[in-house]
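# Descriptive analysis of the structure
Residue-level listing of the chains:
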Amino acid sequence: MTLAAVTASLLLAASLAGHATASAKNPLVGTWQLEQYVDTPEGGVPVYAFGSHPVGLFVFTADSHVSISLMRNPPAVGTESSDPDPDACIPAWYCSYFGTYRYDPAGPSWTTHVTGGNIPNYLGTDQRRTFTIEGPILTISETYSADGKTIHARRVLRRIQH
């Protein structure tokens, strides 16, 4: 093996080791596929604003970048939104935002500083999400108010890549 090949192998191994260390410290790193998106008004029936089988990916990089995309399945082009959230997407059937994020193991939670996307109220803001991870399942749970009602939000994702 040449010196160049040995050097390249060592650099690759160091890079992979650094990525593994970053992933071990931050369980969010990787790609997550959306399986459920439901908002339930207190005392009301669940609302599946993106359908019963939504499509979406949440991608968290080891260097603190995040990209989140989700869409109604099937797309409901030209229909009104059933999403009670005042921070709904435009168009209502597709949501995407991206930026940098900070992981907080104490929550556990992450906070995204939104630099772009199609949720006008999110642009330039920090969006905090609390979550749990059990095996390959990440569950985001939060509560918000809309039209004087308390809404319980639940997002379920499955890890598809580390």
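As shown above, the structure is provided for reference.
Rules behind the numbers
- The residue numbering used here restarts from 1 in each chain and proceeds along that chain's sequence as written.
- For a predicted model such as this one, the threshold for reporting local features is a pLDDT of at least 70, and the threshold for listing and counting side-chain atom pairs is 80 or more; totals across whole chains, interfaces and linings nevertheless cover every residue.
- Side-chain descriptors were evaluated using all non-hydrogen atoms of the structure, hydrogens and water having been removed beforehand.
- Between Lys or Arg on one side and Asp or Glu on the other, a salt bridge is scored when a side-chain nitrogen of the former is within 4 Å of a carboxyl oxygen of the latter.
- A run of DSSP states H or I qualifies as a helix once it reaches four residues; a run of E qualifies as a strand once it reaches two. Both are numbered from the N-terminal end.
- Residue exposure (1.4 Å probe, protein chains only): buried if accessible area is under 20% of the type maximum, exposed if over 50%, otherwise partly exposed.
- We call two strands paired when DSSP finds no fewer than two bridges between them.
- Here the axes come from fitting lines to C-alpha atoms, over the contacting stretch only for helices, and the angles between their N-to-C directions go from 0 to 180 degrees.

### What about the pattern of salt bridges?
All chains considered together, the criterion is met by three salt bridges. A salt bridge links Arg158 to Glu35, with the nearest nitrogen and oxygen atoms 2.8 Å apart. Taken as a pair, Arg158 in strand S8 (residues 149-161) and Glu35 in strand S1 (residues 30-41) lie far apart in primary sequence, 123 residues in all. Using a relative accessible area of 33% as the deciding quantity, one classes Glu35 as partly exposed. Across the pair Arg155 and Asp39 runs a salt bridge whose closest N-O atoms are separated by 2.7 Å. Note that Arg155 is positioned in strand S8 and Asp39 in strand S1, a separation of 116 residues in sequence. On the basis of relative accessible area, Asp39 is assigned to the buried category, the value being 0%.

### Let's talk about the sheet that holds strand S7 (residues 137-146)
If you trace the eight strands once around the closed barrel, you get S1-S2-S3-S4-S5-S6-S7-S8, paired in antiparallel fashion. Between one strand axis and the next, the sheet turns through 35 degrees on average, direction left out of account. Here ten bridges tie S1 to S8, and the two strands are oriented antiparallel to one another. Across the sheet, residue Thr40 finds its bridge partner in S8, namely His152.

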